[in-house]
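# Report on the structure
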Amino acid sequence: HAVPFFFSTMAPKEQKSKEAKALAAANSSKGKRKKWSKGKQKDKLNNAVLFDKQTYEKLLAEAPKYKMITPSILADRLRINGSLARAAVVELEEKGLIRPLVKHASQSVYTRATGA
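These remarks concern the structure in this document. This one's a predicted model, so the numbers in the text were calculated from it and none came from an experiment.

About the thresholds
- Residues numbered from 1 in each chain as written.
- Predicted model: local features only at pLDDT ≥ 70, side-chain atom pairs only at ≥ 80, totals over all residues.
- Heavy atoms only, no water.
- Phe/Tyr/Trp six-rings, centres within 6.5 Å; stacked < 30°, edge-to-face > 60°.
- Buried < 20%, exposed > 50% of the residue type's maximum accessible area, 1.4 Å probe, protein only.
- Lys NZ or Arg CZ within 6 Å of the ring centre and 35° of its normal.
- Axes fitted to C-alpha atoms, helices over the stretch in contact; angles between N-to-C directions.
- Helix = DSSP H or I, 4+ residues; strand = E, 2+ residues; numbered from the N terminus.
- Parallel < 35°, antiparallel > 145°, perpendicular 65-115°, else oblique.
- Left-handed = near helix turned anticlockwise from the far one by under 90°.
- Contact = heavy atoms within 4.5 Å.
- Nonpolar A, V, L, I, M, F, W, Y, C, P; charged D, E, K, R; others polar.
- Salt bridge = Lys/Arg side-chain N within 4 Å of Asp/Glu carboxyl O.

The full count for this structure, using the stated rule, is one aromatic pair. Between Phe 51 and Tyr 56, the aromatic rings sit 5.6 Å apart at their centres with planes inclined by 65°, giving edge-to-face as the arrangement. By relative accessible area, Phe 51 is classed as partly exposed at 26%. The aromatic ring of Tyr 66 is capped on one face by Arg 77, whose charged end is 4.3 Å from the ring centroid.

Let's shift gears to the packing of helix H3 (residues 71–78) against helix H4 (residues 82–94). Running from amino to carboxyl end, H3 crosses H4 at an angle of 115°, the nearest separation of the two axes being 8 Å. For the element pair H3 / H4, the angle class is roughly perpendicular. Between H3 and H4 lies a crossing of right-handed hand. Along the contact surface, H3 presents Pro 71, Leu 74 and Ala 75, while H4 presents Ala 85, Arg 86, Ala 88 and Val 89. Of the residues belonging to the contact of H3 with H4, the class tally is six nonpolar, no polar and one charged.

What follows concerns the pattern of salt bridges. Evaluation of the coordinates by the stated rule reveals three salt bridges. Taking the shortest distance from any N to any O, the salt bridge between Glu 91 and Lys 95 comes out at 3.4 Å. You can call Glu 91 partly exposed: its relative accessible area is 27%.

Here you go:
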């Protein structure tokens, strides 16, 4: 005998609980998401805040031989912090060991003192 079309012969789909739905959604999540890199961590420069005798002698011995002298170069090579490097540059200039090329509010560039 024919079953009228509005009677479905399929068993009713069992209703999932809210928790089950949430779990299914969390598990499927369209494949694996791209993992963002956490970013590169720059190593902390443990630079000296005050001159010790050894560093100061190295400054007086080597810095006047550099072709170009800036606070950032001194900070990098002598492992001193920036404000110490700025002070060192001023002192070297006062002693006549280096001469200024560019004096600017943000960056000062010096060269070794030559006879000229």
